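An overview of the molecular structure
So you can see what is in the structure, the chains are spelled out below.
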Amino acid sequence: MEIKVIKQGNFKVDKAKNFRYLVPNDAEVAIQLAIQPFLITTANDVILLDVGLGFIEDNQPIIIKRLIENNVDPSSITKILLSHLHKDHTDGLGYFKNDVFIQNFPKATIYIQKREFEYALEKTESLSYDNQLLSALATLPNVEWMTDDAGSLSSEITFEVTGGHTPYHQVFWINENNETVFYGADNLPTYGHLKRHIAFKTDYDGHKAMELRKIWEQQAKQNHWTVLLYHDMKQAMVTF
C-alpha cells in the first residue's frame, strides 16, 4: 500500500466559510487549517479520500494540479470516498463552465452516503455546503449511493457511518497486507484532537465525536494503524 498526501495548502477560514491561503505572519484572527486529501494505492485500486477545495490555479483545478505535482495521473483514480459533503471536502469533484458541471474524475466511482446527501440538501442556508455542487451530484452517472450503516466497498475498504461532525459523517479503513490505514476525516482532523479530550462546538454532535476519538486512539495503538489527518498543518499522518 502506498500513501500520498495531496496537500492543497494551509488556509484560514472566516465566519462566512470563505477559504483563503494562509500567508506567513498573518495576524488576522481566523480558523487555520490544512486541506489535504489522501491518495491510497493498493493492488486493486487507486483511492482518493475526499477531494478538497475547488480552487483554480494556472487554469487547472487545484486538486488536478496537486496530483500531477505528485506524479499521479488523475485518470488513474478508481474510487473517491467522501466522508461528508462540506465544501472543503467535495468541491474538488469538478467545476462549472457555462452552468454545466465538468467532472474532474469522470472515470472514478464516487461513494457518497445518501443520508448525508439528503441532509445537506435541506441545509440550504448553511455556508458549509455548496448547493450548486449538490444539485450536480444528483445527476452524475458514476456516483455510488451508500445506504448502509457499515460494510465493505471491496476486500480492502470498509466504512462506518458514525455521525459526530455531521449527522451521517462516515469514516473509512483500508487494509492490505496486514497494514491498516484509518481515515476519520473531520471527526479526527488533527493530531491535537487526540490529545484534547473535549467536545468541539463546531461538530453536530461534539460529545459523540469526542468519545469516538477515544475509542479510535485505543484501537490505533492496539492494532498499529496509520491515522490520516486531513486538517493538520504540521503532520498529515501518524502511525501507532
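Refer to the structure above for everything that follows.
Residues numbered from 1 in each chain as written. Predicted model: local features only at pLDDT ≥ 70, side-chain atom pairs only at ≥ 80, totals over all residues. Heavy atoms only, no water.

Turning next to the pattern of salt bridges. Oppositely charged side chains can form a pair if their charged atoms are brought close together. On inspection of all chains with the given rule, the structure shows nine salt bridges. Put simply, Asp149 and Arg115 hold a salt bridge, and the shortest N to O gap is 2.8 Å. Taken together, the residues Asp149 in the loop between β13 (143–146) and β14 (150–152) and Arg115 in helix α3 (residues 114–122) connect sequence positions 34 residues apart. When its relative accessible area of 24% is taken as the criterion, Arg115 is described as partly exposed. When salt bridges with common partners are traced through the structure, they connect Glu57, Asp58, Lys65, Arg66 and Glu69 into a single cluster. (Salt bridge = Lys/Arg side-chain N within 4 Å of Asp/Glu carboxyl O. Helix = DSSP H or I, 4+ residues; strand = E, 2+ residues; numbered from the N terminus. Buried < 20%, exposed > 50% of the residue type's maximum accessible area, 1.4 Å probe, protein only.)

Before going further, it helps to spend a moment on the nonpolar core. With 29 residues, the main nonpolar core has Ile77, Ile80, Leu85, Phe105 and Leu137 as its most contacted residues. Of all the secondary-structure elements, those providing two or more residues to this core are β6 (46–49), α1 (62–69), β12 (109–113), α3 and α4 (131–137). Examining the composition of this core, we find that four residues originate from one element, α4, more than from any other. The residues touching Ile77, leaving out its near neighbours within four places in the chain, are Leu39, Val46, Leu48, Leu67, Phe105, Lys107 and Ala108. With 23 residues, the next largest nonpolar core counts Ile35, Tyr111, Ile157 and Leu228 among its residues. (Core = buried A, V, L, I, M, F, W, Y, C linked by side-chain atoms within 4.5 Å. Contact = heavy atoms within 4.5 Å.)

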